Amino acid sequence: MKVLDAQSEFAQYMLAGGWLFGGVTAVSILFAATGLLITALRNRAGVSEEEPQTASARDRAHPPGRAAHRTMDFASFVAGQRRAHLREEWAAILAGDPGNGIVLSPHRRMLYALGFLWAALRMRLRDLVAPLWLPVDWLLLTESRANGLITAAVGTQVVYIQHEDGLHTLLTEGWGWCAGCGIALRLLIGWLRRLRGIELASARGNTEDR
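Okay, so let's go over this structure. Throughout this document, residue positions are counted from 1 along each chain, in the order its sequence is written. In keeping with the model being predicted, local features are shown solely for residues with a pLDDT of at least 70 and side-chain atom pairs are shown and tallied solely at 80 or more, while totals for entire chains, interfaces and linings include all residues. Processing note: side-chain calculations cover all non-hydrogen atoms of the structure and skip hydrogens and water entirely.

### Quick word on the overall build of the protein chain
Consideration 1: Assigned secondary structure in the protein chain consists of eight helices and zero strands.
Consideration 2: The numbering of helices and of strands both runs from the N terminus, where a helix is a DSSP run of H or I of at least 4 residues and a strand a run of E of at least 2. For the protein chain, the succession of helices and strands along the chain, N to C, is α-α-α-α-α-α-α-α.
Consideration 3: Burial classes follow relative accessibility: with a 1.4 Å probe on protein chains only, a residue under 20% of its type's maximum area counts as buried, one over 50% as exposed, and anything between as partly exposed. For the protein chain, buried positions account for 23% of its 210 residues.
Consideration 4: For the protein chain, the accessible surface area stands at approximately 14,400 Å², while carbon and sulfur atoms represent 64% of it. Values of accessible area rely on a 1.4 Å probe in the Shrake-Rupley scheme; residue burial ignores everything except the protein chains shown.

### Describing the packing of helix 3 (residues 66-79) against helix 4 (residues 85-95)
Consideration 1: An axis is simply a line fitted to the C-alpha atoms; with a helix, the fit covers only the stretch in contact. Between two such axes, the angle follows the N-to-C directions and lies from 0 to 180 degrees. Running from N to C, helix 3 and helix 4 point in directions that differ by 160°, and their axes come no closer than 10 Å. The angle between helix 3 and helix 4 falls in the class roughly antiparallel. Seen from above, helix 3 lies across helix 4 with right-handed handedness. Taken together, the residues of helix 4 that come into contact with helix 3 (itself represented by Ala 68, His 69, Met 72, Asp 73, Ala 75 and Ser 76) are Arg 87, Trp 90, Ala 91 and Leu 94.
Consideration 2: Gly is placed with the polar residues, together with every amino acid not listed as nonpolar (Ala, Val, Leu, Ile, Met, Phe, Trp, Tyr, Cys and Pro) or charged (Asp, Glu, Lys and Arg). Considered class by class, the residues forming the contact of helix 3 with helix 4 number six nonpolar, two polar and two charged. Should an angle fall under 35 degrees it is taken as roughly parallel, and over 145 as roughly antiparallel, whereas 65 to 115 is taken as roughly perpendicular and any remaining angle as oblique. Crossing handedness is defined as follows: a turn of the near helix away from the far one that is anticlockwise and smaller than a right angle gives a left-handed crossing, while the clockwise case is right-handed. The contact rule is simple, with two residues in contact once any of their heavy atoms fall within 4.5 Å.

### Considering the nonpolar core
Side chains that are nonpolar tend, in soluble globular proteins, to be buried together.
Consideration 1: Ranked by size, the top nonpolar core spans eleven residues in total: Met 72, Ala 75, Val 78, Ala 79, Leu 86, Trp 90, Leu 94, Phe 116, Leu 117, Ala 120 and Met 123.
Consideration 2: When contributions to this core are tallied by element, the ones reaching two or more residues are helix 3, helix 4 and helix 5 (106-140).
Consideration 3: In this description, a nonpolar core means a group of buried Ala, Val, Leu, Ile, Met, Phe, Trp, Tyr and Cys residues linked to one another through side-chain atoms lying within 4.5 Å. The next biggest cluster of nonpolar side chains, apart from the first, holds eight residues, and it includes Ala 146, Ile 150, Leu 185 and Ile 189.

### So, helix 3
Consideration 1: By this rule the span expected of a helix is its residue count minus one, scaled by 1.5 Å. For helix 3, with 14 residues, the first-to-last C-alpha span of 20 Å sits near the 20 Å given by 1.5 Å per residue.
Consideration 2: Taken together, the buried positions of helix 3 are occupied by Ala 68, His 69, Thr 71, Met 72, Asp 73, Ala 75, Ser 76, Val 78 and Ala 79.
Consideration 3: Two residues or fewer after helix 3 comes Gly 80, characterised by a positive phi angle close to 100°.

### A word on the packing of helix 3 against helix 5
Consideration 1: Axis separation between helix 3 and helix 5 bottoms out at 8 Å; the angle between their running directions is 10°. Relative to helix 5, the element helix 3 is oriented roughly parallel. Together, Ala 67, Ala 68, His 69, Thr 71, Met 72, Phe 74, Ala 75, Phe 77, Val 78 and Ala 79 of helix 3 and Arg 109, Met 110, Ala 113, Leu 114, Phe 116, Leu 117, Ala 120, Leu 121 and Arg 124 of helix 5 make up the contact between the two elements.
Consideration 2: Considering only residue class, the contact of helix 3 with helix 5 consists of 15 nonpolar, two polar and two charged.

### Looking at the pattern of salt bridges
Consideration 1: Here, a salt bridge means any Lys or Arg side-chain nitrogen found within 4 Å of an Asp or Glu carboxyl oxygen. In the structure shown here, the tally under the stated rule is six salt bridges.
Consideration 2: Residue Arg 83 is joined to Asp 127 by a salt bridge in which the shortest nitrogen-to-oxygen separation is 3.0 Å. Of the two residues, Arg 83 sits in the loop between helix 3 and helix 4 while Asp 127 sits in helix 5, which places them 44 residues apart along the sequence.
Consideration 3: On the accessibility criterion, Asp 127 (27% relative accessible area) is partly exposed.
Consideration 4: The structure contains a network of salt bridges with shared partners spanning Arg 82, Arg 83 and Asp 127.

### Description of a nonpolar patch on the surface
Consideration 1: Two joining distances apply to patches: 9 Å for like charges and 5 Å for nonpolar side chains (Val, Leu, Ile, Met, Phe, Trp, Tyr), and every residue must have over 30% relative accessible area and no salt bridge. Nonpolar side chains collect at one region of the surface, where Leu 188, Trp 191 and Leu 195 lie side by side and expose about 310 Å² of accessible area between them.
Consideration 2: Within the fold, Leu 195 resides in helix 7 (residues 167-196).
Consideration 3: Under the relative-accessibility criterion, Leu 195 is labelled partly exposed at 48%.

This is a description of form; function is not addressed.
Structure, rendered in structure tokens:
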């Protein structure tokens, strides 16, 4: 909208609202990640105090990759209880396969462990952001809702242009802006559906008939 009309107050409000929403989302994710890190460090400290013998036994079991296994444990904690099975898979990767001559160096184990941690952080961040997609998915699931959004957006722009600049401007110049807004929203909805893997029922039916 700023490209079409750089002086539009409505575009300024929409842009400010978008930046505000993005800032709130980024701060929320930062606080959530910080909370996970603090909780994990406290949990690690508690385990070290309460079970020193168990920790020592585990360290003796994996002396070359002690740091890698600790990083893997932290990654497993960050991933959450729903993904507890990942710890066994990650541990098997770090262990390698000595019987077949696959022995990982400490440096390689650490690289794998950091990869596990990065994957765990992405999983948890995806869990935190998932609720934000619920209204978007609800809107994209049916064509009527998507068309309603486009109609409301274009209609709001028509009313705004007519109120600010008059009917003549709307009929001579404003119609192009409104048409561009509708096309842009249609392309955005199509891209979001592909991104979210949403396929409309009518499209699925046509595919099955073919």
